[in-house]
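The primary structure of each chain is shown beneath.
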Amino acid sequence: MAGMESQNLATEAQQVRVNFTSSEPDLQLPEGKSQLLVPGDIKRYGLSRVLNSGSMLNTSSPVPLDFLVNGTFLRGSLEDYLKENGLSFETTVTLQYVRSLIPPVYQGSFEHDDWITGIDVLSGGKQRLLTSSYDGLFRVWNASNQIIATSPSSSNGGHSAPVKAANFLSSSQIASAGMDRTIRLWKYTESDDFTGQLKPTLELYGHKGSIESMDIHTSSGRIVTASSDGGIGLWSTSKSSAPEAPASLLPGAGVNVSKKRKIASSAPQRGPLSIMQIHSSPASAAIFHPADSTVAYSASEDHTIRTMDLTTSLVVSTLTTAHPLMSLCSLPGISSALLAAGTTARHITLVDPRASATKTSVMTLRGHKNTVTSISASPENNYSLVSGSYDGTCRIWDLRSVRAGSKAEGGGSVSDAVYVIERESQRGKKRGDVPGRGCKVFGVVWDKQWGIVSGGEDKQVQINRGSGLLAN
Amino acid sequence: MAGTRSSLKRKAPPAEAVVETAFHSDDEEFGDGLLEGVLEGDSDDSSDDDGDDADIDEVNADLENEEEDALESDDIPTDEEDADGKNAAEADDGPKYRIETDANGGTRYVYEDIVPDYDSDDTDAQEPVNTIGNIPLSFYDSYPHIGYSIDGKKVMRPARGEALDALLDSIEVPKGWTGLTDPATGKPLNLSQDELELLRRVQMNEVPEEGYDPYADTIEWFTSFEEPMPLSAAPEPKRRFLPSKHEAKKVMKLVKAIREGRILPYKPPEEREKDEEEEEQLFDLWADEQQNPPNIDRISAPKMAAPGYDQSYNPPPEYLPTEDEKKAWNETEPEERAKEYLPEKYDALRRVPGYDQFVKERFERCLDLYLAPRVRKNRLNIDPSSLLPKLPRPEELKPFPTVTSIEFRGHEGRVRSLAIDPTGMFLATGGDDGTVKLWELKSGKQMDSIKLSSDEPVDAVRWRPGKDASILSAAVSEDIYFLVPSYIDPELHQASRDVLDAGFGYATHSQQLMTASGARKDPPAKWTRPGTRLEDQGVLLKATVRSPIKVIHWHRRGDFFCTVSPSGQKSSVAIHTLSKHLTQIPFRKLPGLAQTAQFHPSRPLFFVATQRTIRCYDLQKQELVKALQPGARWISTFDIHPGGDNLVVGSYDRRLCWHDLELSNRPYKTMRFHPEAIRAVKFHRSFPLFADSSDDGSLQIFHGKVTNDLMADPTIVPLKTLKGHKVVNKLGVMDIDWHPTSPWVVSAGADGTCRLWT
């Protein structure tokens, strides 16, 4: 008998002792069942089957599970993991199981006329998509791939230059900003599901450079913008509370401006609440503090992230990173709120904005091959985010998966992308030596209902499934 | 006996000497020493002889004693001496005398008669001994006796004369008769057979002793055989191993004789004659050679090395090459081999083949002796790698551009020139399609495209420096267009327009120039409006010069700019004043074809590059400051370091030369890293970086750090080669520009694309 057993062991894979843990309360194992002896060549699917069996979790319907070993997802077999890390088969492997990750399945594309610079979504009652474009227009889409409304052209009171950002202030109000240095507020009304009207309500002047990014705070009616002249603007959305516009910046201020450039504007013109010229290089992004409308953060190409107190328009603190920053997003974070900043050096730096933080960079997300232009936090959990880059991909990151950075990466904590979303428009095309040639992603938004919506140089809005991508 | 002798002495000491001489004279005949020894040896033969001998002995002994006495005291012996003698006799035998009183009453010793028994010692006194002492016998010629015996009796003269002769004749001659008279006894001296034999041997010069073998076998006390263990520990004497001087002398004599021709090899006489007849016609090749002046550096030809073990036909096995070594030897080129032969082993000398390299080797040796200059050269034995400066690794010099971030597509045909605007937001490019395109740098979006010409390419686009206005200048053939981008804010737009229009008031002034002959001189440039079509697109001003412009460079203040039109002969370099719409030709004549020109970034200096030199002029003093010689055959481009003291030059012959203006007219460093011509070179305005672009389609990024320390050399480290542009018609990257604040570079490719490298 003993001889037969040893023969079995030799032919089959070696047994590995595993210890299952979980942080999910509804998926806890019964007492005393967390330790198990499993064959070494078992993979994720097998482990998930084992845990879903009647003797273990005994769930009504099988829950696909994923397994974290020492902070990284188990992708091959257990055996491979042990060999890679030089561990003995005798060691007990602690497997943290989480609900399985589902790849962000491609769901559809919206064809556009020009490069898409920014995307915003409206979910809840009505599902609406707002895209801004280099053609100087922004468009409102419904969920069935139809344009409901298009902003007027420059001759009809629209933007005279590419629109870099457009946001829903509410379901009936839209703010747009662009390279013509103005922020325009629009009243948006829908007669039915397929047609909508846009009526300009306010034009805000104040920046001397192109507006690169805009963030809105709906409840207080404030807008914060970042401009390429290095200034951060704070604006009011209400006509009454906004100060007068600086005359020199208004169109037509120049004496000899040719007549074609003169734009008859019907909307009232207002100025900023304040313009903070705090960056020495173009500011690339400005966002509100997620909880506090009087605090804003700005990122700039001068490598800094500045925290501003909006009531006094003063810089509270300055965080200096190593690279020019191109995008900024606030994350709830696992333990504390973080700022994710995309750099031109092809990675995302996670920064702890608190003044008490000991080190600037908490973690680096590496994997992009080009400038990271847009970041959006997951609406479902506090540890995942999606980023869009000039390399033509969106990448989904899980902050729980951490490894130590190599020397070439500059050390620190490094995380790799969990999923990479390629552009559907580039499917089947040969990739050149320039990452993301012709398919740069300029904007990405992760919404509960819409999923992951991204748009860019390929003039397409690409929608990928966004819910349940990362296990809770 | 003792007493007798002593008395004898007392009586006549001088006579003794006479006797002695007589004895001596007698003895001389026989050879004193030899005879004595012989006699002694034969002492046992006869008792007679013994007695004689003893006497002689005693006499001798006495003589010696007497000499001693003479030294000690007077001639007269004392009684004590006698008493001593008596005592000694008494001590021997007891008293042999009695004491009586003589007639005078004195004591008298009366000796008892000697009884001639066997105990008595009278063998010597066998015959009466003549006691006359040393008196010549001739004194007794008249007497019948010849003296007196010891008893006082007459010793009678022996019979002699004719009677006796007759008697003697009748008597048989006794054996041993000599016919001599014994001088001591006066009797005929008889010699025994042995004595005669002895005398014969002496006479015959033979060894006197019988039985002595003069040729006895050598008793080898020291053997001639060399023993393993020598009997003597003495070191080998030096003479054993020194060559014989004597032999050397002899040989040298022979050698000298041979050299002088005194000794000649033997030749048959007829052959010798023949030789003498046909005297060889030899001539000295170096007869008229002049001796080289003595040179301490001159060294004589080296001697050929003596063959070693490995050149033996049967070398020890450790000298034999292994298979690998043989293979390696065979594979290397003959010139590069460490040894010219391979050691080979033959078990016998007769198996050794002929040496196939012999003639070649001799020939080469001769060549070497004849041709090789024997001059001592001071060779520096320095590791070349130690001479290289310690350069930091490129990873430590980050940031610098490494990858393409954005590709700008849109131009048809090659992109000839590009520039990033002073704010770093926009990129302007000009290409063969005659258009100037404006791009948003960070996104790669084309913002504007203005067609300046339908058939002429845009050769140069440059932004006016300074952020107070945003003006782009573009050169198309002879025209320079000035345009203001449409997307800038109205304030800036207005400011830019004002800058461009400011010169219209001066334009007429420049046309007032007259030549010496009074004819109106053609102005070097015409400043006009470009026409409504272009004005609508933002092109607000046009300046036309005489010949096609290839290069524009703006002065840092934004008021002056220079243009270079290489084909423009005298007016190839022009300096324009934008605020006055004024064009000046600073050089009446340029030594060479102008290639490019630049203003110094901080001082009023102006640099003009011709094909081979870069001249630096002082604009205020209007004089040449210096001329740089980069050593390139055709300079294509150069750029001045923002610090103003360094300059980097690119050339069509692939050279990149770094000049230190303070240091020398020659380049501090010349780099040839590109396989094709260098088209553009640019310094970054704030980072210690510079880049060049080449027709091989690549850019090279260098770290070029200049310190304020005058003693420190600039650090130049090649960082990265950026490849990506395609080579079209042997043209690669036409132009590059750096981002004003970030370490990013843009490149204009002949393939119609531009790239932003971050």
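Source: prediction; values computed, not measured. (Residues numbered from 1 in each chain as written. Chains lettered and ligands numbered in written order. Predicted model: local features only at pLDDT ≥ 70, side-chain atom pairs only at ≥ 80, totals over all residues. Heavy atoms only, no water.)

### Examining the overall build of chain A
Turning to step 1, where the next piece is worked out: Counting secondary structure elements, chain A contains three helices and 35 strands.
Turning to step 2, where the next piece is worked out: Looking at the 472 residues of chain A, the share that counts as buried comes to 56%.
Turning to step 3, where the next piece is worked out: Within chain A, counting contacts between residues at least 6 apart in sequence, those at least 24 apart form 55% of the total.
Turning to step 4, where the next piece is worked out: Approximately 19400 Å² of chain A is accessible, and the part contributed by carbon and sulfur atoms is 49%. (Helix = DSSP H or I, 4+ residues; strand = E, 2+ residues; numbered from the N terminus. Buried < 20%, exposed > 50% of the residue type's maximum accessible area, 1.4 Å probe, protein only. Contact = heavy atoms within 4.5 Å. Areas by Shrake-Rupley, 256 points an atom, 1.4 Å probe, with all protein chains shown as cover.)

### What about the UniProt feature "repeat: WD" (unreviewed entry) in chain A?
Turning to step 1, where the next piece is worked out: Annotation from UniProt places "repeat: WD" (unreviewed entry) at residues 156–196, 204–245 and 365–401 of chain A.
Turning to step 2, where the next piece is worked out: Secondary structure within residues 365–401 of chain A divides into 0% helix and 54% strand; the distance between the first and last C-alpha atoms comes to 10 Å. (UniProt positions renumbered as here; feature names shortened; annotations may be inferred.)

### Notes on the sheet that holds strand β20 (residues 283–288) of chain A
All names here are of chain A.
Turning to step 1, where the next piece is worked out: The strand order across the open sheet formed by four strands is β20-β21-β22-β23, and the pairing between neighbours is antiparallel. On the outer flanks of this sheet lie β20 and β23 (314–320), each paired with one strand and no other. Across the sheet, the axes of successive neighbouring strands diverge by a mean angle of 20 degrees, strand direction being ignored. (Pairing = 2+ DSSP bridges. Axes fitted to C-alpha atoms, helices over the stretch in contact; angles between N-to-C directions.)

### With respect to the pattern of salt bridges
Turning to step 1, where the next piece is worked out: What the rule picks out here adds up to 48 salt bridges over all chains.
Turning to step 2, where the next piece is worked out: Salt-bridge contacts for B:Arg200 lead to B:Glu206; the nearest nitrogen and oxygen are separated by 4.0 Å.
Turning to step 3, where the next piece is worked out: Given the relative accessible area of 35%, B:Arg200 is considered partly exposed.
Turning to step 4, where the next piece is worked out: Salt bridges here are not isolated pairs; linked through shared partners, they connect A:Asp433, A:Arg437, B:Glu407, B:Arg409 and B:Arg755. (Salt bridge = Lys/Arg side-chain N within 4 Å of Asp/Glu carboxyl O.)

### Some words on the UniProt feature "repeat: WD" (unreviewed entry) in chain B
Turning to step 1, where the next piece is worked out: Those places that UniProt annotates as "repeat: WD" (unreviewed entry) correspond, in this numbering, to residues 408–449 and 733–758 of chain B.
Turning to step 2, where the next piece is worked out: The straight-line gap between the two end C-alpha atoms of residues 733–758 of chain B is 17 Å; of that span, 0% is helix and 62% is strand.

### Focus: the interface of chain A and chain B
Turning to step 1, where the next piece is worked out: Chain A puts 33 residues into the contact, and the matching count from chain B is 29 residues.
Turning to step 2, where the next piece is worked out: Between chain A and chain B lies a buried interface of about 2700 Å² when both sides are counted; carbon and sulfur atoms form 47% of it.
Turning to step 3, where the next piece is worked out: Linking chain A with chain B are six salt bridges, by the criterion used here.
Turning to step 4, where the next piece is worked out: The closest approach of N and O atoms between B:Glu407 and A:Arg437, which form a salt bridge, is 2.3 Å.
Turning to step 5, where the next piece is worked out: One can count twelve residue pairs in polar contact (both at pLDDT 80 or more) joining chain A with chain B.
Turning to step 6, where the next piece is worked out: Split by residue class, the side of chain A that touches chain B holds 14 nonpolar, eight polar and eleven charged. (Buried area = accessible area lost by both parts, 1.4 Å probe. Polar contact = N/O pair within 3.5 Å; in protein donor to acceptor, adjacent residues only side chain to side chain. Nonpolar A, V, L, I, M, F, W, Y, C, P; charged D, E, K, R; others polar.)

### Concerning the confidence of the model for chain B
Residues and elements named next belong to chain B.
Turning to step 1, where the next piece is worked out: Considering every residue of chain B, the mean pLDDT works out to 80; 82% of them sit at 70 or more.
Turning to step 2, where the next piece is worked out: Counted against residues more than four places away or in other chains, residues 1–91, with its pLDDT under 50, gives 38 contacts.
Turning to step 3, where the next piece is worked out: This prediction of the complex comes with two scores: 0.64 for pTM and 0.81 for ipTM. (pLDDT = per-residue confidence, 0-100.)

### Structural notes on unusual backbone geometry
Turning to step 1, where the next piece is worked out: Geometrically, the link from B:Lys398 to B:Pro399 is a cis peptide bond, its omega value of 5 degrees lying close to zero.
Turning to step 2, where the next piece is worked out: Here B:Pro399 shows up in the loop between α13 (384–387) and β7 (404–409).
Turning to step 3, where the next piece is worked out: Look at A:Lys459: it is not a glycine, yet its phi comes out positive at around 60 degrees.
Turning to step 4, where the next piece is worked out: Within the element layout of this structure, A:Lys459 appears in the loop between β34 (451–456) and β35 (460–464).
Turning to step 5, where the next piece is worked out: The partly exposed category is assigned to A:Lys459, whose relative accessible area is 33%.
Turning to step 6, where the next piece is worked out: One non-glycine residue, B:Ser477, adopts positive backbone phi at about 55 degrees.

### A closer look at a negative patch on the surface
Turning to step 1, where the next piece is worked out: A grouping of B:Glu270, B:Glu271, B:Glu273, B:Glu276, B:Glu277 and B:Glu278 is seen on the molecular surface, where their side chains present a negatively charged patch.
Turning to step 2, where the next piece is worked out: Secondary-structure assignment places B:Glu276 in helix α10 (residues 269–277). (Patch = residues over 30% accessible without salt bridge, like charges linked within 9 Å, V, L, I, M, F, W, Y side chains within 5 Å. Lys, Arg positive; Asp, Glu negative; His and termini not counted. Charge placed at Lys NZ, Arg CZ, Asp CG, Glu CD.)

### Describing the side chain of A:Ser374
All names here are of chain A.
Turning to step 1, where the next piece is worked out: Structurally, Ser374 can be placed in strand β28 (residues 372–377).
Turning to step 2, where the next piece is worked out: Under the relative-accessibility criterion, Ser374 is labelled buried at 10%.
Turning to step 3, where the next piece is worked out: A distance of 3.0 Å separates the side chain of Ser374 from the backbone nitrogen of Val444, its partner in a polar contact.
Turning to step 4, where the next piece is worked out: Sequence-distant contacts of Ser374, defined by excluding residues within four places in its chain, comprise Ser327, Val386, Ser387, Gly388, Phe442, Gly443 and Val444.

### Some details on the nonpolar core
Turning to step 1, where the next piece is worked out: Counting residues in hydrophobic clusters, the biggest one holds 60 residues, and the most contacted among them are B:Leu452 and B:Phe482.
Turning to step 2, where the next piece is worked out: In contact with B:Leu452, not counting residues within four places along its chain, are B:Gly434, B:Thr435, B:Val436, B:Val458, B:Ala474, B:Val476, B:Tyr481, B:Leu534 and B:Val539.
Turning to step 3, where the next piece is worked out: A:Met56, A:Leu57, A:Phe67 and A:Leu78 belong to the second largest nonpolar core, which has 23 residues in total. (Core = buried A, V, L, I, M, F, W, Y, C linked by side-chain atoms within 4.5 Å.)

### Points about the pairing of β7(B)
Residue and element names in this part refer to chain B.
Turning to step 1, where the next piece is worked out: Counted residue by residue, β7 has five buried out of six residues, so it is predominantly covered.
Turning to step 2, where the next piece is worked out: Relative to strand β35 (residues 753–757), β7 runs antiparallel, the two being bridged by five bridges. Residue pairing for β35: Glu407 is matched across the bridge by Arg755.

### Description of the pairing of strand β21 (residues 596–599) of chain B
Residue and element names in this part refer to chain B.
Turning to step 1, where the next piece is worked out: Side-chain alternation along β21 places Thr596 and Gln598 on one buried face and Ala597 and Phe599 on a second face that is also buried.
Turning to step 2, where the next piece is worked out: Bridge analysis of β21 against strand β22 (residues 605–609) gives four bridges, and the strand direction is antiparallel. The residue of β22 that forms the bridge with Thr596 is Ala609.

### A look at the confidence of the model for chain A
Turning to step 1, where the next piece is worked out: Taken residue by residue, chain A gives an average pLDDT of 83. The fraction at 70 or more is 92%.
Turning to step 2, where the next piece is worked out: Here residues 1–11 of chain A scores under 50 on pLDDT; set against residues more than four positions off or in separate chains, the count is one contact.

### Some thoughts on the packing of aromatic side chains
Residue and element names in this part refer to chain B.
Turning to step 1, where the next piece is worked out: As enumerated under the stated definition, the model contains 29 aromatic pairs over all chains in all.
Turning to step 2, where the next piece is worked out: Ring centres of Phe482 and Phe561 lie 5.4 Å apart, and the angle between their planes is 70 degrees; on these two criteria the pair is classed as edge-to-face. On the criterion of sequence distance, the pair formed by Phe482 in strand β14 (residues 479–483) and Phe561 in strand β18 (residues 560–564) is long-range, its members being 79 residues apart. For the pair formed by Phe482 and Phe561, the shared burial category is buried.
Turning to step 3, where the next piece is worked out: Ring centres of Phe673 and Phe702 lie 6.0 Å apart, and the angle between their planes is 15 degrees; on these two criteria the pair is classed as stacked. Within this pair, whereas Phe673 is found in the loop between β28 (669–671) and β29 (678–683), its partner Phe702 is found in strand β31 (residues 698–705), the two being separated by 29 residues in sequence.
Turning to step 4, where the next piece is worked out: You can call Phe673 partly exposed: its relative accessible area is 42%.
Turning to step 5, where the next piece is worked out: Residue Phe702 is classed as buried on the basis of its relative accessible area, which comes to 1%. (Phe/Tyr/Trp six-rings, centres within 6.5 Å; stacked < 30°, edge-to-face > 60°.)

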